[in-house]
Amino acid sequence: MITKFTENSFDYYRSESDKKPVAHIGFSLLDNSQTYLVEHTWVDENARGTGLAGKITKDFLAKVTEESKKVIPLCPYTKKFFENHAEYQHLLKEENN
């Protein structure tokens, strides 16, 4: 997979020549760009059920970790991911911060 990180999305492409991503995480930055508000996760219909949503989420969270930032999971998939993966809890933005 080819990854592309922009100011409001993290995308997976099958190849350099693809115009449309096969998976996508959309976000906004808050708190002087210190917190990612994850708004949605999307996987192409033909790639659903392959674990791609989990893989792109893990790669996105690796980037968050690398940047020493936090996450607010608005996206239902991302919320469930955090519930099922205790090892990522430290990346959650605390409500009182």
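Analysis parameters
Residues numbered from 1 in each chain as written. Predicted model: local features only at pLDDT ≥ 70, side-chain atom pairs only at ≥ 80, totals over all residues. Heavy atoms only, no water. Phe/Tyr/Trp six-rings, centres within 6.5 Å; stacked < 30°, edge-to-face > 60°. Helix = DSSP H or I, 4+ residues; strand = E, 2+ residues; numbered from the N terminus. Buried < 20%, exposed > 50% of the residue type's maximum accessible area, 1.4 Å probe, protein only. Pairing = 2+ DSSP bridges. Axes fitted to C-alpha atoms, helices over the stretch in contact; angles between N-to-C directions. Contact = heavy atoms within 4.5 Å.

*Asks:* Is there a simple way to explain the packing of aromatic side chains in this structure?
*Replies:* The geometry of two aromatic rings is summed up by the distance between their centres and the angle between their planes. Per the stated rule, a full pass over the model turns up 11 aromatic pairs. Consider the rings of F10 and F60, whose centres lie 6.2 Å apart with planes at 45°: the pair is tilted. Highlighted residues: F10 in strand 2 (residues 9–13) and F60 in helix 1 (residues 52–66), separated in sequence by 50 residues. Overall, F10 belongs to the buried group, its relative accessible area being 6%. Here the aromatic rings of F81 and Y88 are separated by 5.4 Å at their centres, their planes lie at 50°, and the arrangement is tilted. The two residues F81 and Y88 agree in class, both being buried. An aromatic cluster of three or more residues is present, and its members are F5, F10, Y12, F27, Y36 and F60.

*Asks:* What is the right way to look at the sheet that holds strand 3 (residues 23–30) in this model?
*Replies:* Note: strands within a sheet are paired through backbone hydrogen bonds, in either parallel or antiparallel orientation. Taking strand neighbours across the sheet as the criterion, the five strands line up as 1-2-3-4-5 in an open arrangement whose pairing is mixed. Each end of this open sheet is capped by a strand with a single partner; those strands are strand 1 (2–5) and strand 5 (70–73). Each strand axis lies, on average, 25° off the axis of its neighbour in the sheet, ignoring direction. For strand 1 and strand 2, the ladder comprises four bridges, and the chain directions are antiparallel. Following the sheet pairing, I2 is matched in strand 2 by Y13. This element, helix 1, spans strand 1, strand 2, strand 3, strand 4 (35–43) and strand 5 of the sheet and lies at about 130° to strand 2. Against the sheet, helix 2 (residues 76–84) contacts strand 4 and strand 5, and its axis sits at roughly 120° relative to strand 5.

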